[in-house]
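# Working through the structure, step by step
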Amino acid sequence: MVGLDSGKLIVAAIVLAGCAADSGDINQPSGRSEPVNSVSIVSGAQTKGTGAFSPNPLSISLANSGVVQWTNDDRDDDGYGGNGVTHNITSDNRAFAPGSVSPGESYAVTFSTPGTYGYHCSIHPTMTGEVTVTP
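Residues numbered from 1 in each chain as written. Predicted model: local features only at pLDDT ≥ 70, side-chain atom pairs only at ≥ 80, totals over all residues. Heavy atoms only, no water.

What follows deals with the overall build of the protein. From N to C terminus, the protein includes one helix and nine strands. Listed by position from the N terminus, the elements making up the protein come as α-β-β-β-β-β-β-β-β-β. In the protein, which comprises 135 residues, the share counted as buried stands at 32%. Relative to all contacts within the protein whose residues are 6 or more apart in sequence, the contacts with residues 24 or more apart total 59%. Counting every atom, the protein has about 8,100 Å² of accessible surface; 56% of that belongs to carbon and sulfur. (Helix = DSSP H or I, 4+ residues; strand = E, 2+ residues; numbered from the N terminus. Buried < 20%, exposed > 50% of the residue type's maximum accessible area, 1.4 Å probe, protein only. Contact = heavy atoms within 4.5 Å. Areas by Shrake-Rupley, 256 points an atom, 1.4 Å probe, with all protein chains shown as cover.)

It is worth spelling out the environment of Pro103 at this point. Checked against the element boundaries, Pro103 lands in the loop between strand S6 (99–101) and strand S7 (106–110). Taking the C-alpha atoms as reference, Pro103 lies 7.2 Å from Asn83; in sequence the two are 20 residues apart. When residues no more than four places from it in sequence are discounted, the contact partners of Pro103 are Asn72, Asp74, Arg75, Asn83, Gly84, Val85 and Thr86.

With mixed pairing, four strands are arranged side by side in an open sheet as S2-S1-S4-S7. Here the strands that pair on one side only, and so sit at the sheet edges, are strand S2 (53–54) and S7. Sheet analysis places strand S4 (residues 67–72) next to S7, joined by five bridges and oriented antiparallel. Across the sheet, residue Val67 finds its bridge partner in S7, namely Thr110. (Pairing = 2+ DSSP bridges.)

Another aspect to go through is the pairing of strand S9 (residues 128–134). Residues Gly129, Val131 and Val133 line the buried face of S9, whereas the alternating positions Thr128, Glu130, Thr132 and Thr134 sit on a face that is not buried. Alignment of strand S3 (residues 58–61) against S9, held across four bridges, turns out to be parallel. By the bridge assignment for S9, Ile60 is matched with Val133. Of the pairings in the sheet, the one linking strand S8 (residues 115–121) to S9 comprises six bridges and is antiparallel in character. Following the sheet pairing, Tyr119 is matched in S9 by Gly129. If you look at the hairpin formed by S8 and S9, you'll find six residues sitting between the two strands.

A separate point is the sheet that holds S8. The strand order S3-S9-S8-S5-S6 describes an open sheet built from five strands, whose pairing is mixed. Strand pairing shows two members of the sheet lacking a second neighbour, S3 and S6, which therefore form its edges. Here the average twist between neighbouring strands, direction ignored, is 25°. (Axes fitted to C-alpha atoms, helices over the stretch in contact; angles between N-to-C directions.)

The omega torsion across Ser54 and Pro55 is 0°, close enough to zero to call that bond cis. Along the chain, the position of Pro55 falls in the loop between S2 and S3. Cis geometry marks the peptide bond from Asn56 to Pro57; its omega dihedral reads 0°. By secondary structure assignment, the location of Pro57 is in the loop between S2 and S3.

The next thing to look at is the side chain of Thr71. Structurally, Thr71 is set in strand S4. There is a polar contact of 3.5 Å between the side chain of Thr71 and the side chain of Gln69. (Polar contact = N/O pair within 3.5 Å; in protein donor to acceptor, adjacent residues only side chain to side chain.)

Following this line, the structure appears as structure tokens:
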């Protein structure tokens with residue numbers, strides 16, 4: 001059996017405790033705070049179908065804010081000298097009005113009724129997503 005130096009053991013415990021105490025979300029981009037119910041329109045979205053939105057599907061609870069915010073992170077060069085691609089969030093059943101979302105901008109919808117809501121980009125109709133709202 002190998003003996004441990006008590007000083008090294010204390011340092012190891014402090015390092016581990018410091019890592020465990022970090023409650024930051026490693027999936028959040030630095031310097032950007034997203035609402036609880038956020039959806040990213042990913043880079044190259046117009047060619048990704050259901051993979052154009054992340055997360056997809058999204059499940060939310062009315063008890064935890066019925067607001068969903070879509071952020072257009074499709075900011076790569078659009079091939080025409082622009083700085084990204086504009087998309088449009090459109091409800092399949094017209095439960096919410098369409099909203100154009102330019103690169104780097106956001107669009108939010110407040111849901112007040114439980115149900116499943118399909119949506120798509122009216123500019124790129126193969127981009128599809130779904131929000132499920134629970135009480």
